[in-house]
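# A structural walkthrough
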Amino acid sequence: MDTTTKKKDAVLSGIQPTSVLTIGNYFGALKNYVAMQDDFDAYYMVANLHAQTVRMDPTELRRRSVETFALFLAAGIDPNHSTVFVQSHVPEHTQLTWALMCNAYTGELSRMTQFKEKSAKSAENINAGLFTYPVLMAADILIYQAKYIPVGADQKQHVELTRDIAIRFNNLYGETFVVPEPYIPKIGARIMSLQEPEKKMSKSDANPNAYIRILDEPDLIVKKLKRAVTDSEGEITANPDRAGVYNLLSIYSACTNGTIEDAVARFAGKGYGDLKSGVADAIVDTLKPIQTEYARLLADKAYLTEQMRLGAERAQITARKTVSKVYHKMGFDSYQA
Ligand code: TRP
């Protein structure tokens, strides 16, 4: 046995199965998940419990949870290497949530930007789950003793809150949790909306021309690219102030694993028509193997079911350990009289 092997740090991240994922999710999250699975003890989760904080049709949620899981695998997350699972399949997350809930303050939860934004958007359904959402997220993270949390800027505040809760708990009950930190990946482009390139590409944008889904057909990708907003300068240079052109160049470099300068060189002296069709081709080429593998996986429900079961089982081994440690520390003991 190799005694020099050090235990790898754990990473955890999750994506909500609320809608079909975009190339923003691919380049910003999934591609990094894949890149990290060698160096870390990686946990990747379909965050279906979080998805019900806004009203979602149960049949649709069920279907999307499986589809998102399949997309994780199709994108290259290796279930023999990483622990990939669906959040609700590991009920320990909600068990830990209660313990953490008693160590999170309503004041800090009401300061969460996402809570304020979401409750402004859905004033008719400001449910308690929407408010305590970050505590469930803290449980997702702390239950696996995860050290690094790859997230976008919008989730950074929730990771900071998780740190505060972990530190507070450790101070009160003794060393229990690894204190996590947000992980901003080395690679990974920030993909912006094709229609309003100052805004991040969002899977919930009302205008479908604003985003490219990982599962979009080639024809549709070409069409959406043709409609992408650029500017009237006509010249292809890498200037972040010219958000539309810059975004297309970033997408191209993300697809080809090159730099922005490489992308500029590729389109030097060309027009926006060439740029748009070149970017469309690059996207189609990048997505093709993922789409093929996705279709294959979805046709094999038995395999997917088995992988979901194995993933949850593996996650549960760690999750149970943490929960029993925490429950013991808090005085929630088993049957002993
Ligand atoms: N809240 C995250 C989002 O909407 C998803 C998520 C749930 C998550 N649990 C997590 C991300 C734990 C990182 C770690 O994007």
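Remember, it's a predicted structure, so these values are computed and weren't measured experimentally.

### Points about the nonpolar core
In terms of nonpolar packing, the biggest core is built from 60 residues, with I23, L30, L225, L249 and I283 touching the most fellow members. A total of 11 residues in this core trace back to one element, the largest contributor, which is helix α12 (residues 272-298). Looking at this core, you find at least three residues from each of domain 1 (10-184 + 301-330) and domain 2 (208-296). Contacts of L225, omitting those with residues within four sequence positions, involve L194, I212, L248, K276, V279, A280 and I283. With 40 residues, the next largest nonpolar core counts F115, A138, I165 and M330 among its residues.

### A short note on the pairing of strand β1 (residues 10-15)
Of all the six residues making up β1, five are buried; the element is thus mostly covered by neighbouring parts of the structure. Pairing of β1 with strand β2 (residues 41-46) involves six bridges; the strand directions are parallel. In the sheet register, V11 faces β2, and the bridge partner there is A42. Handedness of the crossover joining β1 and β2 through helix α1 (residues 23-36): right-handed.

Thresholds, definitions, all that
Residue positions are counted from 1 within each chain, in the order its sequence is given. With the structure being a predicted model, the display of local features is reserved for residues of pLDDT at least 70 and the display and counting of side-chain atom pairs for 80 or more, all residues being used for whole-chain, interface and lining totals. The basis for every side-chain value is the complete set of non-hydrogen atoms in the structure, without hydrogens or water. Side-chain atoms within 4.5 Å are what join buried Ala, Val, Leu, Ile, Met, Phe, Trp, Tyr and Cys residues into a set we call a nonpolar core. The rule is simple: take the accessible area with a 1.4 Å probe, protein chains only, and divide by the maximum for that residue type; under 20% is buried, over 50% is exposed, in between is partly exposed. We count a stretch as a helix when DSSP gives it H or I for four or more residues in a row; a strand needs E for two or more, and each element gets its number in order from the N terminus. Domain limits in this description derive from either an automatic procedure or a database domain assignment. Two residues qualify as a contact provided that any one of their heavy atoms is within 4.5 Å of a heavy atom in the partner residue. Strands were regarded as paired on the criterion that DSSP finds at least two bridges between them. Look down the strands so they point away from you; if the path from the first strand over the helix to the second goes clockwise, the crossover is right-handed.

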